[in-house]
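# Coordinate inspection notes
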Amino acid sequence: MKLEADLDLCQGHAMCELEAPDVFEVPRRGKVRVLVEEPEESMRAQVEAAVRYCPTRALKLGG
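Residues numbered from 1 in each chain as written. Predicted model: local features only at pLDDT ≥ 70, side-chain atom pairs only at ≥ 80, totals over all residues. Heavy atoms only, no water.

### A short note on the overall build of the protein chain
When you go through the protein chain residue by residue, the secondary structure sums to 2 helices and 4 strands. When its helices and strands are written in sequence order, the protein chain yields β-α-β-β-α-β. Over its C-alpha atoms the protein chain spans a radius of gyration of 10 Å, differing by no more than 12% from the 11 Å that the globule rule assigns to 63 residues. Based on the C-alpha atoms only, the size of the protein chain along its principal axes is roughly 30 × 20 × 15 Å. Entry remark: accessible area of the protein chain is about 4300 Å², with carbon and sulfur atoms responsible for 46%. Counting 9 positive and 12 negative side-chain charges, the protein chain places the centres of these two groups 7 Å from one another. (Helix = DSSP H or I, 4+ residues; strand = E, 2+ residues; numbered from the N terminus. Rg over C-alpha atoms; globule rule 2.2 N^0.38 Å. Areas by Shrake-Rupley, 256 points an atom, 1.4 Å probe, with all protein chains shown as cover. Lys, Arg positive; Asp, Glu negative; His and termini not counted. Charge placed at Lys NZ, Arg CZ, Asp CG, Glu CD.)

Structure follows, in structure tokens:
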């Protein structure tokens, strides 16, 4: 599984960090940083929740 973040869409709400703190980081007044671009399968549920709950749809999960 591979993650992509569209920084043009990200507004720094940090929902992704709440759902998957080992994978995403959002600094105060900043935009998302993907800490693990290819997370392990064991993290799939957390990563999918982070993608689903992103209010601006800035995250994408691929194969």
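Once the structure has been displayed, the description carries forward.
### So, the pattern of salt bridges
Summed over all chains, the structure comprises 5 salt bridges. Measuring nitrogen to oxygen at the nearest pair gives 3.9 Å for the salt bridge that ties Lys 2 to Glu 38. With a gap of 36 residues between them, Lys 2 in strand β1 (residues 2-5) and Glu 38 in the loop between β3 (33-34) and α2 (44-53) connect regions that are remote in the sequence. Lys 2 gets classed as partly exposed once you look at its relative accessible area, which sits at 36%. Classification of Glu 38 as exposed rests on a relative accessible area of 55%. (Salt bridge = Lys/Arg side-chain N within 4 Å of Asp/Glu carboxyl O. Buried < 20%, exposed > 50% of the residue type's maximum accessible area, 1.4 Å probe, protein only.)

### Some words on the nonpolar core
Formed by 16 residues in total, the largest nonpolar core has its most connected members in Leu 3, Cys 16, Val 23, Phe 24, Val 32, Val 47 and Leu 59. If one sorts the elements of this core by residue count, α2 sits on top with 3 residues. The residues touching Val 23, leaving out its near neighbours within four places in the chain, are Leu 3, Arg 33, Val 34, Leu 35, Val 36, Pro 39, Met 43 and Val 47. (Core = buried A, V, L, I, M, F, W, Y, C linked by side-chain atoms within 4.5 Å. Contact = heavy atoms within 4.5 Å.)

### What to know about the packing of aromatic side chains
Within the structure shown, the criterion is met by 0 aromatic pairs. Across the ring face of Tyr 53, the terminal group of Arg 52 is positioned such that the distance to the ring centre comes to 5.3 Å. (Phe/Tyr/Trp six-rings, centres within 6.5 Å; stacked < 30°, edge-to-face > 60°. Lys NZ or Arg CZ within 6 Å of the ring centre and 35° of its normal.)

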